[in-house]
Amino acid sequence: MSELLTFQLSDRIMNLEESATLAMAAKAREFKAQGIDVISLSLGEPDFKTPKHIQEGAKRAIDEGKYFAYPPVPGYQDLREAIAKKLQDENNIDYKAENIVVSNGAKQSIANVMFALLNPGDEVVVFSPYWVSYSALIELAEGKPVFIKGGIENDFKATAQQLKEAITDKTKAVIYSSPCNPTGSVFTRKELEDIAEVIKQHDNIIVIADEIYEHINYTEDKVSMASLPGMLDRTVTVNGFAKGFAMTGWRVGYIGAPLWLAKGCNKVQGQITSANCSIAQRAALTALTSDLGPTREMTKAYDERRQLVYELLKEIPGIKTNMPKGAFYFFPDVSAYFGKSAGELKINNASDLCMYILEKAHVSLVTGEAFGDPDCVRLSYAASEQELREALKRIKEALSELS
């Protein structure tokens, strides 16, 4: 009976792939439940606790007893004003509170934009490698993702020329992340200016700039697309509190957008989830209006781990990697191991390799196929130095047994 009922699911859901990052994390949890010592490097989740002062901000909100009613759909006015001020002061973007919509994480922020913006058949140019949910959200909104791929030789960054060649009369939007998940790449000011010049040649294209990793940036290139000349009214800036403030479970994301699009996203969200959690919003306000010292300390720790993992990856034969400039991921090319075997097991692709490493080395990674590059795997270094050393040791040993 249950199998029969399965066929009543909509085509859009039947065709929708499960998030690869969440799927791999689930497999790792299954192994852990069996008592296996699994080191999880699959989820993009800080291993730091939410800073104490942010926790205290949430506690104060509960104790005040004023935040138990439904908040306004786009977020509390004072939080939206604080976000607008942050974007003005730190990112040089002239947003006002009316341009801000607070959502249940940056993922919902992007989903809102796609549903508010796309008509069936509209195309969205996706800079690839890309975060796994971009293509799924575009397709759920009945749009069509068009991928432009950057190779490891260019730090996985697609170019303005590739963008120019990909645009058609059906192109409605362009989406990228910088710093990038999964590659850690950071677009330079010049690269963003070149992209902006292509966009400005078209009247009806919106750029969706995913800046959720902005604080985890090891370069001097800290540039927001919306701050560039002529781009304010053509850009949606996506951000949130998960990565820079170690607030993944609080689920607070936001956009800054042209007013017409912010209103459209507000309309979408009002019908799906309504507002973000009231207490989480008060914690977010505390994060924005407090010193960034804890965020800088976390970024410093990530940088030290980045240096460590880079050196350890270079010691593994066949692994090809670059040095990421932001976020907390490596995206090494592992194609040298395709076609190799361990007994009766043959490694045909990155998915096979990830499963082999999980089963043999008890380390969880994510296949690069989910991010648009089937030659790679994603490794998160949001883990302790001890775990990272042990994980890379296990991976090296497991790979040495392939022939």
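Please read all numbers here as calculations on a predicted model, not as lab measurements.

Considerations on the overall build of the protein chain
Next, step 1: Each helix and strand in the protein chain was counted, giving 14 helices and 14 strands.
Next, step 2: Here the C-alpha radius of gyration of the protein chain, 21 Å, is about what a compact globule of 403 residues would show, namely 22 Å.
Next, step 3: Taken over the C-alpha atoms alone, the protein chain extends approximately 60 × 60 × 55 Å along its principal axes.
Next, step 4: In the protein chain, which comprises 403 residues, the share counted as buried stands at 56%.
Next, step 5: Sequence-distant contacts, at least 24 apart, represent 74% of the contacts inside the protein chain between residues at least 6 apart.
Next, step 6: Accessible area for the protein chain stands at about 18000 Å²; split by element, carbon and sulfur atoms hold 49% of it.
Next, step 7: Across the protein chain, the mean location of the 45 positive side-chain charges is 3 Å away from that of the 54 negative side-chain charges.

Remarks on the pattern of salt bridges
Opposite charge on two side chains makes pairing possible when the charged atoms of those side chains draw close.
Next, step 1: One pass over the structure, following the stated rule, counts 20 salt bridges.
Next, step 2: Between glutamate 191 and lysine 157 there is a salt bridge, with the nearest N and O atoms lying 3.0 Å from each other. With glutamate 191 in helix α9 (residues 189–199) and lysine 157 in the loop between β4 (144–149) and α8 (160–166), this residue pair connects regions lying 34 residues apart in the sequence.
Next, step 3: Glutamate 191 sits in the partly exposed class, given a relative accessible area of 23%.
Next, step 4: Given the relative accessible area of 9%, lysine 157 is considered buried.
Next, step 5: Between aspartate 194 and lysine 190 there is a salt bridge whose closest N-O contact spans 2.9 Å. Linking aspartate 194 with lysine 190, this pair stays in helix α9, spanning four residues, or about one helical turn.
Next, step 6: Classification of aspartate 194 by relative accessible area gives partly exposed; the value is 29%.
Next, step 7: The network of salt bridges with shared partners includes Asp37, Glu390 and Arg394.

Quick notes on empty space enclosed by the protein
Using a probe with the size of a water molecule, rolled over the atoms, empty space left in the structure can be pinpointed.
Next, step 1: Taken as a whole, this structure holds four cavities of 30 Å³ or more when the rule is applied.
Next, step 2: Estimates place the volume of the largest cavity at around 80 Å³.
Next, step 3: Along the wall of the largest cavity there are 14 residues; nearest its centre are Phe127, Pro129, Phe156, Cys180 and Phe187.
Next, step 4: Contributing elements (two or more residues each) for the lining of the largest cavity: β3 (123–128) and β5 (171–177).
Next, step 5: Within the lining of the largest cavity, the residues separate by chemical class into nine nonpolar, four polar and one charged.
Next, step 6: Computed from the structure, the second largest cavity encloses a volume of approximately 70 Å³.
Next, step 7: Along its surface, the second largest cavity is lined by Leu313, Ile319, Pro332, Val334, Leu353, Ile357, Leu365, Val377, Leu379, Leu392, Ile395 and Leu399.
Next, step 8: For the lining of the second largest cavity, the secondary-structure elements that each account for two or more residues are α13 (350–361), β14 (377–380) and α14 (385–400).
Next, step 9: No other element matches α14, which puts three residues into the lining of the second largest cavity.
Next, step 10: Taken together, the residues of the lining of the second largest cavity sort by class into 12 nonpolar, no polar and no charged.

What to know about the pairing of strand β2 (residues 100–103)
Next, step 1: Alternating positions in β2 separate into two faces, Ile100 and Val102 on one and Val101 and Ser103 on the other, with burial throughout.
Next, step 2: Pairing geometry for β2 and strand β8 (residues 253–256), over four bridges, is antiparallel. Counted as the bridge partner of serine 103 is glycine 253 from β8.

Examining the packing of aromatic side chains
Next, step 1: For the structure shown, the criterion picks out 17 aromatic pairs.
Next, step 2: Ring geometry for phenylalanine 127 and phenylalanine 187: centres 5.7 Å apart, planes at 90°, overall edge-to-face. Residue phenylalanine 127 is found in strand β3, and its partner phenylalanine 187 is found in the loop between β5 and α9; the two are separated by 60 residues along the sequence.
Next, step 3: Taking the relative accessible area as the measure of exposure, phenylalanine 127 reaches 4% and is therefore buried.
Next, step 4: With a relative accessible area of 6%, phenylalanine 187 lands in the buried category.
Next, step 5: Consider the rings of tyrosine 213 and tyrosine 329, whose centres lie 5.7 Å apart with planes at 75°: the pair is edge-to-face. With tyrosine 213 in the loop between β6 (206–210) and β7 (235–240) and tyrosine 329 in strand β9 (residues 329–330), this pair connects stretches of sequence that are 116 residues apart. The same class applies to tyrosine 213 and to tyrosine 329, which are both buried.
Next, step 6: Cluster of aromatic residues (ring-pair linked, three or more members): Phe48, Tyr213, Tyr302, Phe328 and Tyr329.

Examining the environment of leucine 9
Next, step 1: Within the secondary structure, leucine 9 sits in the loop between α1 (2–6) and α2 (11–14).
Next, step 2: A sequence separation of 122 residues divides leucine 9 from tryptophan 131, and the C-alpha atoms of the two residues are 26 Å apart.

Examining helix α12 (residues 293–314)
Next, step 1: End to end, α12 covers 32 Å across 22 residues, agreeing with the expected 32 Å (1.5 Å per residue, within 8%).
Next, step 2: Along α12, the residues classified as buried are Thr295, Met298, Thr299, Ala301, Tyr302, Arg305, Arg306, Leu308, Val309, Tyr310, Leu312 and Leu313.
Next, step 3: Of the surrounding secondary structure, the elements contacted by the buried residues of α12 are β9, β14 and α14.

The rules behind the values
- All residue numbers here refer to positions counted from 1 along the written sequence of the relevant chain.
- Local features in this predicted model are restricted to residues whose pLDDT is 70 or higher, and side-chain atom pairs enter the listing and the counts only when it is 80 or higher, whereas totals over whole chains, interfaces and linings include all residues.
- Side-chain measures here rest on the full set of heavy atoms in the structure, leaving out hydrogens and waters.
- Secondary structure is summarised from DSSP: a helix means a run of H or I of at least four residues, a strand means a run of E of at least two, and numbering begins at the N terminus for each.
- C-alpha atoms define the radius of gyration in this analysis, and the globule rule sets the expected value at 2.2 Å times the number of residues to the power 0.38.
- A simple rule labels every residue: compare its accessible area, found with a 1.4 Å probe on the protein chains alone, to the largest value its type can have, and call it buried under 20%, exposed over 50%, or partly exposed in between.
- Should any heavy atoms of two residues lie within 4.5 Å, those residues are counted as being in contact.
- Computed with a 1.4 Å probe, the accessible areas rest on the Shrake-Rupley method; for each residue, only the protein chains presented here act as cover.
- The positive count covers Lys and Arg only, the negative count covers Asp and Glu only, and His and the chain ends enter neither.
- Charge coordinates come from a single atom per side chain, which is NZ of Lys, CZ of Arg, CG of Asp or CD of Glu.
- Each reported salt bridge corresponds to a side-chain nitrogen of Lys or Arg within 4 Å of a carboxyl oxygen of Asp or Glu.
- In the cavity and pocket records, a cavity denotes points on a 1 Å grid over the protein atoms alone where a 1.4 Å probe fits but cannot get out, a pocket denotes an open set with protein on both sides within 12 Å along at least 5 of 7 lines, and lining residues are residues with an atom within 4 Å of a point.
- Grid points are joined across faces, edges and corners, and a volume is the space filled by probe spheres set on the points.
- The nonpolar class holds Ala, Val, Leu, Ile, Met, Phe, Trp, Tyr, Cys and Pro. Asp, Glu, Lys and Arg form the charged class, and all remaining residues, Gly among them, are polar.
- Should DSSP find at least two bridges between two strands, the strands are taken to pair.
- Here a Phe, Tyr or Trp ring, Trp counted by its six-membered ring, pairs with any other such ring whose centre lies within 6.5 Å, and the pair is stacked when the planes are under 30 degrees apart, edge-to-face when over 60, and tilted otherwise.
- By this rule, a helix spans an expected 1.5 Å times one less than how many residues it contains.

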